[in-house]
Amino acid sequence: MKMYQYIIRRLLLLIPVLIGITILIFLLTRIGGDPAAAYITPRMTHEQIEKVKEIHGFNQPVYVQYLYYMGDILRGDWGISKAHQDMPVLDVIKLRLPATIELTIVAMLLATIVGIPLGVISATKKDKWPDHATRLFALSGVSIPIFWLGFLMQYIFFYLLKINGLPHLPLYGRATAGMYPPQVTGFFTLDSIIAGNPSMFLDTIAHLVMPAFCLSYVSLAEIARMTRSSMLEVMGQDYIRTARAKGLSERKVIYKHALRNALIPTVTIIGLSFGGLLAGAVLTETIFNWPGVGSWAAESIVRIDTAAIVGFTIIVAIMYTIVNLIVDLTYAYLDPRVRLE
Amino acid sequence: MKKIFQHQSQTKKSIFSKEKREYFKKWLSPRIKELRYSLHLIKQSPLAMVGIAIILILVFTAILAPFISPYGPEEHIWSESKQPPSWKHLFGTDETGGDVFTKVLWGARISIEIGLIVVLGGLGLGIIIGAFAGYYGRYIDEFIMRITDIFLSIPYLILAMGVAAILGKSIENVMIAMIVVWWPAYTRLVRGQILSVRENQYVEAAKSVGAGDTRIIFRHILPNSMAPLIVQTTMDLGNAILTAAGLSFLGFGAGPGAAEWGRMVSDSRNYFMSCPWMMVFPGLAIFITVLGFNLVGDGLRDILDPRLRRGGGKT
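Draft legend 1. Spotlight on the overall build of chain A. Secondary structure assignment for chain A yields 13 helices and two strands. Viewed in the frame of its principal axes, chain A has a C-alpha envelope of about 85 × 60 × 40 Å. The proportion of buried residues among the 341 residues of chain A is 40%. Across chain A, the fraction of contacts at a sequence separation of at least 24, relative to all contacts at a separation of at least 6, is 69%.

Draft legend 2. Representation of the overall build of chain B. Summing up its helical and strand segments, chain B has 13 helices and zero strands in all. When the helices and strands of chain B are placed in sequence order, the string is α-α-α-α-α-α-α-α-α-α-α-α-α. Referenced to the eigenvectors of the C-alpha coordinate spread, the extents of chain B come out at roughly 75 × 60 × 55 Å. A burial count over chain B gives 44% of its 315 residues as buried. Pairs at least 24 apart in sequence give 69% of the contacts found in chain B among residues at least 6 apart.

Draft legend 3. Broad picture of the interface of chain A and chain B. Across the contact, 38 residues belong to chain A and 34 residues belong to chain B. Elements that contribute at least two residues to the side of chain A that touches chain B include exactly α1 (3–31), α5 (129–143), α6 (146–163), α10 (250–287), α11 (293–302) and α12 (306–334) of chain A. A class-by-class count of the residues in the side of chain A that touches chain B yields 27 nonpolar, eleven polar and no charged.

Draft legend 4. A look at the nonpolar core. Ranked by internal contacts, the top residues of the largest apolar core, which has 161 residues, are A160(B) and M178(B). Excluding anything up to four places from it in sequence, A160(B) contacts A177(B), M178(B), V181(B), T243(B) and L247(B).

Draft legend 5. A look at the packing of helix α8 (residues 201–208) of chain B against helix α9 (residues 213–221) of chain B. All names here are of chain B. Direction vectors running N to C along α8 and α9 enclose 145 degrees, while the axes themselves pass 11 Å from each other. With respect to the hand of their crossing, α8 and α9 are arranged in right-handed fashion. Residue-level contacts link Y202, V203, A206 and K207 of α8 to I216, H220 and I221 of α9. Tallied by class, residues from the contact of α8 with α9 come to five nonpolar, one polar and one charged.

Draft legend 6. Structural context of helix α6 (residues 156–167) of chain B. Residue and element names in this part refer to chain B. The terminal C-alpha atoms of α6, which comprises twelve residues, lie 16 Å apart, in line with the 16 Å expected from a rise of 1.5 Å per residue. Most of α6 is tucked away, with eleven of its twelve residues classed as buried. Among the residues of α6, Y156, L157, I158, L159, A160, M161, G162, V163, A164, A165 and I166 are the ones counted as buried. Following α6 by one or two positions, G168 adopts a phi angle in the positive range, close to 110 degrees.

Rules behind the numbers
Residues numbered from 1 in each chain as written. Chains lettered and ligands numbered in written order. Predicted model: local features only at pLDDT ≥ 70, side-chain atom pairs only at ≥ 80, totals over all residues. Helix = DSSP H or I, 4+ residues; strand = E, 2+ residues; numbered from the N terminus. Buried ≥ 20, exposed ≤ 12 C-beta atoms within 10 Å, placed from the backbone. Contact = placed C-beta atoms within 7 Å. Nonpolar A, V, L, I, M, F, W, Y, C, P; charged D, E, K, R; others polar. Core = buried A, V, L, I, M, F, W, Y, C linked by C-beta atoms within 7 Å. Axes fitted to C-alpha atoms, helices over the stretch in contact; angles between N-to-C directions. Left-handed = near helix turned anticlockwise from the far one by under 90°. Expected span 1.5 Å × (residues − 1).

Encoded structure:
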């Protein structure tokens, strides 16, 4: 199969999954509570409420309701978020999504840049202390509750440093008040570069350090574990022996011959961990008051704002599905055998 | 009356007749050998042993919590609120004068309960649906697999959040939400195992002597596909505890002040700068517990994987 054929096939396969996701979420909203609540504000009169019910088809049979529901979703009418001053859900998402994407991308980069070398070191020094240390570090990563890690970091890198008069990291938020860069892309790091203000840039970076590390730790651990095991597998292959036999330096053998082949499964893990990052963002953003969609979702839970939770679930599912598609395509590009299946 | 007793003792005798005993011995001995060998291998992996020790301590704590905790889980000594750790209060006290040590001990109960119910619930559903899909194949398989695809295309904490939000806030609903999220992964795992085991000759043999589908699935196929299931279940016990803690941190599940680890960390939010013990100990309990299950799962994987077994199980 040619690459473009494979891409088309994968895109077509995406459609039933996306429809399935909407059916699942639709059923969930219909099982619990009154779905009309997503469109009703306390100030509405009885007539207005009846009208809302008619417009969105809540008086119709369930399968007709689904069509209304899909119509609403496709038209961008996702209800109103009570946890966000009765703003339309889609507007809240537009407003808050860049913050989440910025945090997630930085966390993912951090996890990849640190995780892969850790895995390589662990594999090349198998059963020596760097290997044990890395494995313990990785096991801690998949065992630690990230909300607890966040609090510990705040306690150490903000509170303890501050009371000892040392330079400390900011406690929460995306930037110091009054240091917000003019909005262009919604990504504060990029916006501060566009504004050409180095102190603003450093301020946003300082605000990113703790949440990004906190969020990335789980993925970092998973990437390190995966790289280690696939490196170990590759290192036993014949072509590595050949590379060594022809007198290549160990460095070249590891980075040019082994790592390149070992990275293929790691790519999958990076993609899969994106879902974990989005889920982790709910916890991390809550701890660090990060104004993204995650903290909004967490607040919606407390305020029982179902429209917001459903909207958030849909947007995350779509993002996750797209990222997985990209991962699969990368995989097919790196390993042509996948396309033949 | 006497007659009845005589009759009973006779039937008892016949249950444990010599042939039966011989048969039972024959049935048991390879299994004991296998278990002994596995134990021998597990002993060689120090990390797995640490994990087992952690789990045992956790289980004992959960069972003995009412007897060893110095205070009640809902007891508040208002005059002693926000006290740092001391001999009187080993882990200090919280803002309402609750003893953190006591609450951590009681929290083990809820954690184990949630972990077991969620994982066994998910596993049970997964085995039934996965066996169905894998054994009958074709359209049923295709249909079930597409449904699992949909469930797996939403990150699990977020799907659990959505389900729990709709069901309402309570520990039971958190468990239901987590089972809803957990079954697809097991279904796929069981199905994959069955697909590979189904082709074995002994399945063919069982079929040819006229064994029914249920018997073949539960007596021949499932017992032979247990290894990866055991590893996954062990790791998932930790994962389930971690996810449940995350959900209750977000406000699902137990209400404020409850002796539940995630909730305790969440409740400490406004105080942990000045009273770090309120946050450190419950969080540490979650961390160590989940680490324990992961260590054992890691060890079991190395032992149960025949490719690694030849190396003597040492990792």
